[in-house]
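# Notes for the structure review
One letter stands for each residue in the lines below.
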Amino acid sequence: MSFSLLSSKGGWGERLFLQDRLSGLQADLAQQESYNAVLREHLDSLYSSQHAIETVARYRLGMIQQGEIFVQFLIERPEQVSSTPAESSIEQPIESPLPFNPIE
């Protein structure tokens, strides 16, 4: 009887493994629910506010209104010294100032 409780098939070891896996999945679910809440807030602001739509159009689509002048500043990045040539060939993405980056 005690052997069956300690064995891997339906025993305490499997129960502990499944409990650990369940707690990990619950943590992932909580993180996804909070992320979905943030996305829902962004959608609500886009549906209700003309200013939010204009902000997205300006930053993502390059919208310029009549009478405005577009000025773009190019900033040189200092060269980084890397230990391997493979690291220097990988470009780092430039993040937008908007909180909408995770969708892309």
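These numbers were taken from a predicted model, which means no experiment stands behind them. (Residues numbered from 1 in each chain as written. Predicted model: local features only at pLDDT ≥ 70, side-chain atom pairs only at ≥ 80, totals over all residues. Heavy atoms only, no water.)

## Let's talk about the overall build of the protein chain
- Within the protein chain, the regular secondary structure consists of four helices and zero strands.
- Counting from the amino terminus, the protein chain carries its helices and strands in the arrangement α-α-α-α.
- A buried classification covers 9% of the 104 residues belonging to the protein chain.
- Sequence separation of at least 24 residues holds for 42% of the intrachain contacts in the protein chain that already meet a minimum separation of 6.
- Roughly 9900 Å² of accessible area belongs to the protein chain as shown, and the carbon and sulfur atoms make up 59% of that amount. (Helix = DSSP H or I, 4+ residues; strand = E, 2+ residues; numbered from the N terminus. Buried < 20%, exposed > 50% of the residue type's maximum accessible area, 1.4 Å probe, protein only. Contact = heavy atoms within 4.5 Å. Areas by Shrake-Rupley, 256 points an atom, 1.4 Å probe, with all protein chains shown as cover.)

## Description of the confidence of the model for the protein chain
- Per-residue confidence for the protein chain gives a mean pLDDT of 77; residues scoring 70 or more make up 67%.
- Taken element by element, the predicted model of the protein chain shows its lowest mean pLDDT in helix α4 (residues 85-88) (54) and its highest in helix α2 (residues 12-48) (91). (pLDDT = per-residue confidence, 0-100.)

## Observations concerning the pattern of salt bridges
- With the rule as written, the count across this model stands at two salt bridges.
- The closest approach of N and O atoms between Arg58 and Glu54, which form a salt bridge, is 3.1 Å. On the criterion of helical spacing, the pair formed by Arg58 and Glu54 is a turn pair, its members being four residues apart in helix α3 (residues 50-61).
- Classification of Arg58 as partly exposed rests on a relative accessible area of 29%.
- For Arg58, the salt bridge identified is with Glu68, shortest N-O distance 2.8 Å. Of this pair, Arg58 sits in helix α3 while Glu68 sits in the loop between α3 and α4; the two residues are ten residues apart in sequence, bridging distant segments of the chain.
- Each of the salt bridges in this network shares a partner with another, and the network as a whole consists of Glu54, Arg58 and Glu68. (Salt bridge = Lys/Arg side-chain N within 4 Å of Asp/Glu carboxyl O.)

## Side note on the packing of α2 against α3
- Between α2 and α3, whose axes approach to 5 Å, the crossing angle comes to 105°. Between α2 and α3, the crossing angle belongs to the class labelled roughly perpendicular. Counting all contacts with α2, which are made through Ser45, Leu46 and Ser48, the residues of α3 involved are Gln50, Ala52, Ile53 and Val56.
- Residue composition of the contact of α2 with α3, by class: four nonpolar, three polar and no charged. (Axes fitted to C-alpha atoms, helices over the stretch in contact; angles between N-to-C directions. Parallel < 35°, antiparallel > 145°, perpendicular 65-115°, else oblique. Nonpolar A, V, L, I, M, F, W, Y, C, P; charged D, E, K, R; others polar.)

## Examining α3
- Here α3 spans 15 Å end to end across twelve residues, near enough to the 16 Å set by a 1.5 Å rise per residue.
- Here α3 has its buried residues at Ala52, Thr55, Val56 and Ala57.
- On its buried face, α3 is in contact with α2.
- Measuring from the side-chain oxygen of the N-cap residue of α3 to the backbone nitrogen of His51 gives 3.2 Å; that N-cap residue is Ser49.
- Of the residues trailing α3, Gly62 is marked for its positive phi of about 75°. (Expected span 1.5 Å × (residues − 1). Polar contact = N/O pair within 3.5 Å; in protein donor to acceptor, adjacent residues only side chain to side chain.)

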